[in-house]
Amino acid sequence: MSVFEKIYEVVKTIPKGKVTTYGQVALLAGNPRWSRVVGYALHKNPQPGIIPCHRVVTRNGEVAKSFAFGGENVQRELLEKEGIVFENDGTIDLKKYGWFG
């Protein structure tokens, strides 16, 4: 299984209404140093409707500035549709909405 396939398998397990970080996906995929690789893999997501890359956020609970499938506003809209509420500063409370596998 390739690195990207490992990353996609992890991302597929993130439950609806939850988010996780690039670093956590990297850790669960087999190498905690793959955070940037996770970002690149999600940018190349071959199945956006099946691999929910919108559920991956920064370690600070921020959406990606360059979300590949329509920009950060689209990522935020997708998360809000799943019931995630953003804080006043635009971040997500990872204690409330975080999933860590």
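To keep things clear, this report deals only with the structure shown in the data block. (Residues numbered from 1 in each chain as written. Predicted model: local features only at pLDDT ≥ 70, side-chain atom pairs only at ≥ 80, totals over all residues. Heavy atoms only, no water.)

**Re the packing of helix 1 (residues 3-12) against helix 3 (residues 35-43)**
Where helix 1 contacts helix 3, the axes come no closer than 10 Å and their chain directions differ by 80°. In terms of orientation, helix 1 lies roughly perpendicular with respect to helix 3. Residues Val 3, Phe 4, Ile 7, Tyr 8 and Val 11 of helix 1 form the contact with helix 3, whose own contacting residues are Val 37, Val 38, Tyr 40, Ala 41 and Leu 42. (Axes fitted to C-alpha atoms, helices over the stretch in contact; angles between N-to-C directions. Helix = DSSP H or I, 4+ residues; strand = E, 2+ residues; numbered from the N terminus. Parallel < 35°, antiparallel > 145°, perpendicular 65-115°, else oblique. Contact = heavy atoms within 4.5 Å.)

**A short note on the packing of aromatic side chains**
For the structure on display, the rule yields two aromatic pairs. For the ring pair Phe 4 and Tyr 8, a centre distance of 6.1 Å and an interplane angle of 70° mean the geometry is edge-to-face. Of the two residues, Phe 4 and Tyr 8 both sit in helix 1, four residues apart, roughly one turn of that helix. On the basis of relative accessible area, Phe 4 is assigned to the partly exposed category, the value being 26%. Taken together, the ring pairs in this structure connect Phe 4, Tyr 8 and Tyr 40 into an aromatic cluster. When the ring centre of Phe 86 is taken as reference, the NZ or CZ atom of Arg 76 above it lies at 4.1 Å. (Phe/Tyr/Trp six-rings, centres within 6.5 Å; stacked < 30°, edge-to-face > 60°. Buried < 20%, exposed > 50% of the residue type's maximum accessible area, 1.4 Å probe, protein only. Lys NZ or Arg CZ within 6 Å of the ring centre and 35° of its normal.)

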